[in-house]
Amino acid sequence: MTVHENILCSKSHEYVYEENGNYNIGLTDYAIEQLGDIVFVELPEIGTSYTKGEIFGTIESVKAASEIYMPISGTVTAINEELIEKPELLNESSFEDAWLIKVSSNTFDEDNKDLIDYDTYKEEVE
Amino acid sequence: MAKTSLYNAHIKAGAKMVDFAGWEMPVQYKGIIEEHNNVRNNAGLFDVSHMGEIFVSGEDSLKYLQMLVPQNIEKLIDKKAIYCQFTNQNGGIIDDLFIYKLEDNHYLLIVNASRINDDYNWMIKNINNFNVNVENKSDIYSMLALQGPKAADILEAAGIKKEYQPHTMYIKEIKLLNDNILISRTGYTGEDGFEIIVKNEKAEELWNLLLEKGKPFNIMPVGLGARDTLRLEAAMSLYGNELDENTTPVEAGLVWSLDKNKTENYIGKDVIFNQLQNGAPKKLIGFKMQDRAIARHGYDIYINNEKSGYVTSGCVAPSIGCNIGLGYIDKKLNINDTIQIMIRGRLFNAVITSKNFIKKHNKGN
């Protein structure tokens, strides 16, 4: 598992990092481990805009359904189709190619103030 | 939160623990789907020590139990188990349970963890003039469930030859680990298997013995997560989901577990007999989802865009390869009819199916 270098995490276990002018959003390894076997991922339509803190998707494990929140405000530019077909890939790794959505955002610098780097996040959840 | 005698064994085995009915219980070890499949293909060992053991004895034991349940306990022969329910005046289910006849005037009742106190209070309240002793011994006994097609092989490897093992739906007292333990051939998975009642101080020793002797048969410890998917595939009710005090055995599809011609009076009989004749206001159905969405406990069921019921349980069914569920509807529909489930503000199609989601391997009365 490789964790992207500039990754920032939210208290509700989403991560975000910048890549080629867009922002990749996904769920942390800790969140996936807590959920267990992932069986279903519901993602928004491309073009939908969300403000920070809004629910943009749902992830279901065998045991329960959980909502996924926007760590920053933005407009969806891509969704990870492969995870819709094979949600179980998230159990192998939720980083690298297993981002959930890509968004464009021009408020990243204000929105990221309460986000924490991955090492701090790991300390907090463990 | 209460801990079972196997708490340390679970932690050692890497279990993820959750709160269940006030007990800290393992929800999974390796993963729910892997554990589920292993019970269907090999065997799994469950800690179900949170469940309750209540003993009834005294010369009026039979008459007393006959008054508490819609099932006919009179036909229960020695060492035999029977599934039934405690019902209230409205026919509502206080709990579902197994009654084992150990011998004349001596019965063991296995009840749900979440209902032990309600059951015990209900039983005490209804003793009236019956000459019976009701003893809640839940705190001194642990219970292990060994389930799966290899369960009998594993029990044999642990020292109990197959010819001495109880038959399906029977219980036997057997000497093991220098103690007398109770072994019944029952379970909650749809597979062949055993439930073993052992004193708390012997629980961990038995747990380790079964895991050790079960190794050649690929046994693994299994948590409550897979227990739920296994029982749901076998369409076995869960108290608090399919069953509650506002639901009768008729509504819950448990007519097979009551005596339709019972002559003795029991609590709730009027309502139950009336529903048997004239139908009940709701009916439990089984359904399969038509896409990958999962219907969860509490979601609304719609029929022709009209709210007509609710989901009681739903999950991924690893042995079936689709998502299944159980729920109540207030209209008469047939197998293969379409219903809809409201999931996060959208309606998803599901098809009513037989509740026999899987072929069960634990029949054999």
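All figures in this text were calculated on a predicted structure; none of them were measured in a lab. (Residues numbered from 1 in each chain as written. Chains lettered and ligands numbered in written order. Predicted model: local features only at pLDDT ≥ 70, side-chain atom pairs only at ≥ 80, totals over all residues. Heavy atoms only, no water.)

Draft legend 1. Examining the nonpolar core more closely. Residues and elements named next belong to chain B. Residues Y100, L108, I110, F287, M289, I339 and I341 are the most contacted members of the largest nonpolar core, which totals 59 residues. Not counting the four nearest positions on each side in its chain, I110 is found in contact with M51, G52, E53, D96, L97, F98, Y100, M143 and I197. If you look at the next biggest cluster of nonpolar residues, it comprises 31 residues, including A15, I160, L176 and L211. (Core = buried A, V, L, I, M, F, W, Y, C linked by side-chain atoms within 4.5 Å. Buried < 20%, exposed > 50% of the residue type's maximum accessible area, 1.4 Å probe, protein only. Contact = heavy atoms within 4.5 Å.)

Draft legend 2. Examining the sheet that holds strand 2 (residues 16-20) of chain B more closely. Residues and elements named next belong to chain B. A sheet is described by the order of its strands in space; here 3 strands give the open sequence 1-3-2, paired in mixed fashion. Each edge of the sheet is formed by a strand with only one pairing partner; in this case those strands are strand 1 (2-3) and strand 2. Relative to strand 3 (residues 23-28), strand 2 runs antiparallel, the two sharing 5 bridges. Looking at the pairing, F20 lines up with W23 of strand 3. This element, helix 7 (residues 224-233), spans strand 2 and strand 3 of the sheet and lies at about 70 degrees to strand 3. (Pairing = 2+ DSSP bridges. Helix = DSSP H or I, 4+ residues; strand = E, 2+ residues; numbered from the N terminus. Axes fitted to C-alpha atoms, helices over the stretch in contact; angles between N-to-C directions.)

Draft legend 3. Seen up close, the packing of helix 2 (residues 32-41) of chain B against helix 7 of chain B. Residues and elements named next belong to chain B. Following both chains from N to C, one finds helix 2 and helix 7 inclined at 50 degrees, their axes separated by 8 Å at the closest point. Relative to helix 7, the element helix 2 lies oblique. Every pair of crossing elements has a handedness; the one defined by helix 2 and helix 7 is right-handed. In this structure, helix 2 contributes I32, E35, H36, V39 and R40 to the contact, and helix 7 contributes G225, A226, T229, L230 and E233. The residue inventory of the contact of helix 2 with helix 7, partitioned by class, reads 4 nonpolar, 3 polar and 3 charged. (Parallel < 35°, antiparallel > 145°, perpendicular 65-115°, else oblique. Left-handed = near helix turned anticlockwise from the far one by under 90°. Nonpolar A, V, L, I, M, F, W, Y, C, P; charged D, E, K, R; others polar.)

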